[in-house]
Amino acid sequence: MKKIISLLAACTLFAVCLPVSATDAVTEDSALLQNSVVEQTDPYTFYFVPERTYVSAEEVQAGDVHIPTKVYIKGNTQPIKQITGARIRYQSDSSSLYFSNSSNILSTTDMYKQSYSGGSFFSEYAMPTCFGEITSSGTYTPYSCAPLTSALLTEPFSGSSIRSDGAGGIYFTRSYNKLVDGVKTWISNEKIEIPASDLQQNADGTVSFTYSYYKQSAEEQYPLETNTCTIPHYDATLPAGTVLSGYHDAYSWILTGTHAQEGVSFLGYADEFPFFSFDIVIRQGTPNDVYTVSFSETDCSLSTAAHTRLPLSFVSTSITVGASSATITNDTSKLSTICAFAENDRPLTLSQYSNAAITGRVTYTDNVTKNGYLLDALTAQTTPAALYAAATTTGYAIADVPFYCGDAAAPVYQFNAAPYTKKVLVGKKGDSNLDGTVDVSDAVCILTYYAKKAAGNTAKLNDSFTNDQETLSYFLSDIDTCSQNQGADGGVLGVEDAVQILTHYAKSASGNTPIWNNRW
């Protein structure tokens with residue numbers, strides 16, 4: 001620790017030796033950091049990670065194809081704001097896709113050891129989730145969560161799964177408050193039955209029904225209202241008690257128990273563990289095409305103990321059925337490079353880094369071609385972590401990465417028939433000098449750059465860097481806003497970035513496992 005203190009003192013001495021204008025800026029910014037509370041301004045991001053994004057024509061002819069998919073929440077883990085609730089709803093652009101097997105925990109028969117950014121723990125759950133805690137005994141415990149059907153989104157605290165009654169009808173249970181002779185009364189586990197005769201068969205193959213419910217309001221008036229619900233995938237022959245497959249398009253988590261008032265933080269990185277999992281199901285006989293699964297943004301929320309909602313952004317995903325290749329006809333993303341963190345072990349998809357329209361023509365195995373939007377369907381079939389591990393350079397990776405239309409069997413080409421690639425730059429977050437470690441020298445690198453800029457001079461993080469290296473170094477140094485293009489997109493390097501790197505290094509040198517706010 002003495003070494004850390006002396007190094008921090010050296011950085012302070014470095015600031016004293018800066019030009020006057022730069023020194024004033026350093027001192028002012030440092031004081032601001034000491035006396036302010038950092039609030040979350042960047043949005044949290046909901047995104048899907050399907051086990052795969054491609055299905056062959058032969059598979060869908062043989063039967064329904066299930067693709068296990070996890071939902072993650074990426075964002076800043078450091079703000080004082082504490083999470084008390086999360087709700088999502090997602091949807092497909094086609095009735096050929098439905099959803100099933102919603103689950104936030106998958107039980108195992110034995111305890112097993114799990115490693116993560118904060119150390120390790122033992123768990124009897126095959127899939128620890130982002131909202132859980134590690135007890136003093138080193139055992140993982142999930143905070144209570146439950147899948148909800150969208151039919152009951154109007155009653156987020158009391159919904160249950162919809163089940164078959166064995167005779168073509170359905171039923172579900174609910175618990176709620178209502179007024180009985182003017183007195184607030186709690187009704188527990190009331191069974192609501194909808195007989196087959198009350199189910200409306202729709203032309204698109206869906207089934208609808210209407211039911212009444214008591215709206216749960218803060219004013220405690222509990223008015224009686226009605227709701228019409230549509231079931232996208234319904235089998236009237238299901239045995240009694242069977243949860244309806246394909247109606248798992250919503251999920252709600254409300255913190256209860258001892259932590260309900262103060263809220264909880266994410267377990268590890270904000271995106272280290274999934275929120276929950278479900279299956280994207282492609283129906284038997286689904287035509288060749290690109291199918292998108294997206295979040296219903298108006299039905300998604302992430303709330304805090306202060307009863308405020310955090311800002312959100314969303315990344316959709318696509319499943320390609322029967323594609324053999326694709327050709328880009330219009331790429332408005334203008335991404336010459338993609339910067340990524342070596343800590344990111346998620347599949348690399350273009351939609352993570354751009355929301356621009358990319359259109360193209362897909363050729364399928366039956367030689368039929370279709371035009372459409374392809375952004376969500378473009379995947380690199382690798383991860384930034386894998387690119388970093390395979391790099392021949394020390395401390396960073398720079399590679400031209402080909403993209404595919406879902407699967408490596410479906411390559412993507414530019415209009416001139418050249419492979420569609422992006423230059424991907426990968427390094428460790430905070431590693432400004434690209435030497436493979438995060439330490440005081442990286443903070444000094446940023447302070448030197450900042451001093452030159454503050455004095456009105458031209459500045460680079462390293463005069464010997466190529467433009468690609470400089471772009472990557474800027475991205476890794478810009479701790480809070482992660483600029484992809486040397487500040488052209490609004491990211492600014494300052495004293496606060498150096499302070500965060502020094503803090504990260506101090507924790508690491510003390511034997512702790514420091515956690516960055518995000519690792520995407």
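Residues numbered from 1 in each chain as written. Predicted model: local features only at pLDDT ≥ 70, side-chain atom pairs only at ≥ 80, totals over all residues. Heavy atoms only, no water.

This part is about the overall build of the chain. Looking only at helices and strands, one finds seven helices and 31 strands in the chain. Going through the 520 residues of the chain one by one, you find that 50% of them count as buried. The long-range fraction of contacts in the chain, counting pairs at least 24 apart against all pairs at least 6 apart in sequence, stands at 68%. Summed over all atoms, the accessible surface of the chain reaches about 23500 Å², with 51% contributed by carbon and sulfur. (Helix = DSSP H or I, 4+ residues; strand = E, 2+ residues; numbered from the N terminus. Buried < 20%, exposed > 50% of the residue type's maximum accessible area, 1.4 Å probe, protein only. Contact = heavy atoms within 4.5 Å. Areas by Shrake-Rupley, 256 points an atom, 1.4 Å probe, with all protein chains shown as cover.)

This part is about the nonpolar core. Residues Ile88, Phe131 and Phe275 are the most contacted members of the largest nonpolar core, which totals 43 residues. Of all hydrophobic cores here, the second largest spans 30 residues; its members include Leu348, Leu374, Ala380 and Cys405. (Core = buried A, V, L, I, M, F, W, Y, C linked by side-chain atoms within 4.5 Å.)

A full pass over the atoms with the stated rule returns 32 aromatic pairs. Between Phe99 and Phe278, the aromatic rings sit 5.6 Å apart at their centres with planes inclined by 80°, giving edge-to-face as the arrangement. Here Phe99, found in strand 5 (residues 97-103), pairs with Phe278, found in strand 18 (residues 276-282); they are 179 residues apart in sequence, far enough to count as distant. Since its relative accessible area comes to 5%, Phe99 is described here as buried. Between the aromatic rings of Phe131 and Trp253, the centroid separation amounts to 4.0 Å while the plane-to-plane angle is 0°, which identifies the pairing as stacked. A residue pair is termed long-range when its members are at least 10 positions apart, and Phe131 in the loop between strand 7 (119-125) and strand 8 (132-134) and Trp253 in strand 17 (residues 250-254) qualify at 122 residues. Trp253 matches Phe131 in its accessibility class, with the two residues each being buried. Over the ring of Tyr176 we find Arg174, and its NZ or CZ is 5.0 Å from the ring centre. Arg346 extends its terminal NZ or CZ atom over the ring of Tyr72, reaching a point 4.0 Å from the ring centre. (Phe/Tyr/Trp six-rings, centres within 6.5 Å; stacked < 30°, edge-to-face > 60°. Lys NZ or Arg CZ within 6 Å of the ring centre and 35° of its normal.)

Residues with a pLDDT of 70 or more make up 86% of the chain, whose mean pLDDT is 84. Counting interchain partners and residues more than four positions distant, the pLDDT-below-50 stretch residues 1-8 has seven contacts. The low-confidence segment residues 13-40, where pLDDT is below 50, has 31 contacts with residues more than four positions distant or belonging to other chains. (pLDDT = per-residue confidence, 0-100.)

Right, let's get into the sheet that holds strand 31 (residues 421-427). Remark on secondary structure: sheet strands pair via backbone hydrogen bonds, oriented parallel or antiparallel. Pairing is mixed in the open sheet, where three strands are placed in the order 24-31-28. Of all the strands in the sheet, the pair left with one neighbour each is strand 24 (337-341) and strand 28 (396-402). Pairs of neighbouring strands in the sheet enclose a mean axial angle of 25°, with direction left out of account. Of the pairings in the sheet, the one linking strand 28 to strand 31 comprises seven bridges and is antiparallel in character. (Pairing = 2+ DSSP bridges. Axes fitted to C-alpha atoms, helices over the stretch in contact; angles between N-to-C directions.)

Here we take up the sheet that holds strand 12 (residues 170-180). The strand order across the open sheet formed by three strands is 11-12-13, and the pairing between neighbours is antiparallel. With partners counted over all chains shown, the strands left at the sheet margins are strand 11 (163-164) and strand 13 (183-194), one partner each. Taken together, the two bridges between strand 11 and strand 12 define a ladder with antiparallel strand orientation. If you follow Ser164 over to strand 12, its bridge partner there is Ile170.

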